[in-house]
Amino acid sequence: MIGDPDAQFVGRRRALIEKVREHGSTDLRILKLFDEVPRHRFLPEGVWNRAYEDAPIPIGFRQTASQPSLQARYLEILSPTTDDTVLEIGTGSGYLTALLARMADRVYSVERIRELSVRARKALDDLEVRNVALMVGDGTIGWRKYAPYDVIVVSAAAPSVPQAYVDQLADGGRMLIPVGALDAQRLVLVRKDGFAVTEEPVGDVTFVPLLGKFAFSEDQG
Ligand code: SAH
C-alpha cells in the first residue's frame, strides 16, 4: 500500500529474522511469526527506529521488551500448540503475548504496571488478536481462575519458582522462568508429569525482576 507507515519496516523485520536464525532458532513456524507480527507496534513510537534490533528495548516504567532471539528460544522450547492454554507473567509490551496467541488456543497474561497493560491491549486490538485476556495485578500468585495451564511463560526474574505456578501448571505442562539474583539468572525449564516436577537449567539470562508477594520485594525494582 502506498503511504503505508508500516511498509518501511518490512526489510528490517527480515533482517531481524536472519539474526534470530543465527542465534540457533530454525523452526520455520516460529520464524514466520516474527515476520507476521510487527514488533514496532508494541513499542513506544520514540523507539520504533530500534524495533527490529535483536536487543531488549526500553518501553518506559523502567521495563524493557525482551530480546527477540531469546523470545524465539522460549517459543521453541515451550512449543505451544493450538490446543494449549498459556499463562504469561509480565505482559510488558505485549509482543510475546501476540506471538504466543498465534501458536496457542488462549493466552492469559498478567502485568503489574497498568499503563503497560493498557498499551499492550491497544496494540493487540489494532492487530485483531482476539484470544488474549489481560489482567493487571501481582502475577507472582499466577491467575487461578483459568488454571491449569499447559504452558507458563515468565518474562521477569524470580529468586525461586513461585509455588502458585507449579500448582497452576497442567499435567504434562511446561514452564520457563528466569531464576536467580537480581543481576543474573538461569533460565529454568520446569515440567510436570503426574506428581513429578522436574527443573532443568537451559541457559544464562538477565531479566528485569519479578516484583511481588512471592518474588523480589517492590522496592528492589
Ligand atoms: N515479554 C515482555 C517482557 C517485559 S519485561 C516483552 O517482551 O515486552 C517484564 C515485565 O514483567 C515488566 O513489564 C514488568 O512490569 C512485569 N512484572 C514484574 N513483576 C511482575 C508481577 N509480579 N506481576 C506481573 N508482571 C510483573
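Whatever comes next refers back to the structure up there.
Computed from a predicted structure; not experimentally measured.

Q: Just to check I follow, could you spell out the overall build of the protein for this structure?
A: The helix and strand inventory of the protein stands at six helices and nine strands. Along the first, second and third principal axes, the C-alpha atoms of the protein reach 55 × 35 × 30 Å. Looking at the protein as a whole, 51% of its 221 residues qualify as buried. Sequence separation of at least 24 residues holds for 54% of the intrachain contacts in the protein that already meet a minimum separation of 6. Total accessible area on the protein is roughly 10400 Å²; 51% of this is exposed by carbon and sulfur atoms. Between the centroid of the 27 positive side chains of the protein and the centroid of its 31 negative side chains there is a distance of 3 Å.

Q: Quick question: what am I supposed to make of the pairing of strand S6 (residues 149-154) here?
A: Consecutive residues of a regular strand have side chains that alternate between opposite faces of the sheet. For S6, the buried fraction is high: five of the six residues fall into the buried class. The sheet contact formed by S6 and strand S7 (residues 169-180) spans four bridges and is parallel. Each residue of the ladder has a partner; that of Val 151, found in S7, is Arg 174. After leaving S6, the chain enters helix H6 (residues 163-168) and then returns to the sheet as S7, a path that is right-handed.

Q: What is the right way to read unusual backbone geometry from this model?
A: Peptide bonds are, in most cases, trans, and in most cases residues other than glycine have a negative phi. In this structure, the amide linkage connecting Ala 147 to the following residue, Pro 148, adopts the cis form with an omega of 5 degrees. Residue position: Pro 148 is located in the loop between strand S5 (132-136) and S6. The backbone of Phe 61 shows a phi angle near 60 degrees, a positive value even though the residue is not glycine. On the secondary structure map, Phe 61 appears in the loop between strand S1 (57-60) and strand S2 (63-65). Phi at Arg 62 is positive, roughly 60 degrees, even though this residue is not glycine.

Q: Hey, could you run me through the environment of Leu 99 in this one?
A: Relative to the assigned elements, Leu 99 resides in helix H4 (residues 95-103). Between the C-alpha atoms of Leu 99 and Phe 34, which are 65 residues apart in sequence, the distance is 7.7 Å. Excluding residues within four positions of it along the chain, Leu 99 makes contact with Leu 33, Phe 34, Val 37 and Leu 75.

Q: Is there a simple way to explain the site of the ligand in this structure?
A: Among the 25 residues in the neighbourhood of the ligand, the closest are listed as Gln 71, Ser 93, Glu 111, Gly 139 and Leu 211. In the model, a nitrogen atom of the ligand is placed 2.7 Å from a nitrogen or oxygen of the Leu 211 main chain. In isolation the ligand offers 580 Å² of accessible surface; the protein chains occlude 99% of this area. For the ligand, the cavity whose grid points lie within 2 Å of the majority of its atoms is the largest pocket. Contributions of two or more residues to the shell around the ligand are made by S2 and strand S4 (106-111).

Q: So what exactly am I meant to see when it comes to the layout of surface pockets here?
A: A water-sized probe, rolled over the atoms, reveals where empty space remains. The calculated volume of the largest pocket comes to roughly 490 Å³. Considering the residues around the largest pocket, the lining is formed by 32 residues, among which Gln 63, Thr 64, Ser 155, Ala 156 and Val 208 are closest to the centre. Looking at the lining of the largest pocket, the elements with two or more residues in it are S2, helix H3 (68-78), strand S3 (85-89), H4 and S4. The greatest single-element share of the lining of the largest pocket, amounting to three residues, is contributed by S2. For the lining of the largest pocket, the residue count by class is 15 nonpolar, 13 polar and four charged. In this structure, the second largest pocket occupies an estimated 210 Å³ of space. Grouping the constituent residues of the lining of the second largest pocket by class yields six nonpolar, two polar and five charged.

Q: It is not clear to me how the side chain of Lys 192 should be interpreted in this structure. Could you clarify?
A: Within the fold, Lys 192 resides in strand S8 (residues 185-193). Despite its burial, Lys 192 remains without a salt bridge, the nearest opposite charge being carried by Asp 167 at 5.6 Å. Within the structure, Lys 192 has its side chain in polar contact with the backbone oxygen of Val 166 (distance 2.7 Å). Here Lys 192 is in contact with Val 166, Asp 167, Leu 169, Ala 170, Asp 171, Gly 172, Gly 173 and Val 197, once residues within four sequence places are set aside.

Q: Just checking my understanding: could you explain helix H5 (residues 114-126) for this structure?
A: One turn of the α-helix equals 3.6 residues, which is why residues spaced by three or four share an orientation. Spanning 13 residues, H5 covers 18 Å between terminal C-alpha atoms, matching the ideal 18 Å at 1.5 Å per step. Within H5, the full set of buried residues consists of Leu 116, Ser 117, Ala 120, Ala 123 and Leu 124. For H5, the angular spread of the buried residues around the axis is 125 degrees, confining them to a single face. What points out from H5, more than 90 degrees from its buried face, is the exposed set Arg 114, Val 118 and Lys 122.

Rules used in this analysis
Residues numbered from 1 in each chain as written. Predicted model: local features only at pLDDT ≥ 70, side-chain atom pairs only at ≥ 80, totals over all residues. Heavy atoms only, no water. Helix = DSSP H or I, 4+ residues; strand = E, 2+ residues; numbered from the N terminus. Buried < 20%, exposed > 50% of the residue type's maximum accessible area, 1.4 Å probe, protein only. Contact = heavy atoms within 4.5 Å. Areas by Shrake-Rupley, 256 points an atom, 1.4 Å probe, with all protein chains shown as cover. Lys, Arg positive; Asp, Glu negative; His and termini not counted. Charge placed at Lys NZ, Arg CZ, Asp CG, Glu CD. Pairing = 2+ DSSP bridges. Right-handed = clockwise from strand over helix to strand, strands pointing away. Near = heavy atom within 4 Å. Polar contact = N/O pair within 3.5 Å; in protein donor to acceptor, adjacent residues only side chain to side chain. 1 Å grid on protein atoms, 1.4 Å probe; cavity = no way out; pocket = protein on both sides within 12 Å on 5 of 7 lines; lining within 4 Å. Sits in = over half its atoms within 2 Å of the grid points. Points joined across faces, edges and corners; volume = space filled by probe spheres on them. Nonpolar A, V, L, I, M, F, W, Y, C, P; charged D, E, K, R; others polar. Salt bridge = Lys/Arg side-chain N within 4 Å of Asp/Glu carboxyl O. Expected span 1.5 Å × (residues − 1). Arc of directions from axis to C-beta.

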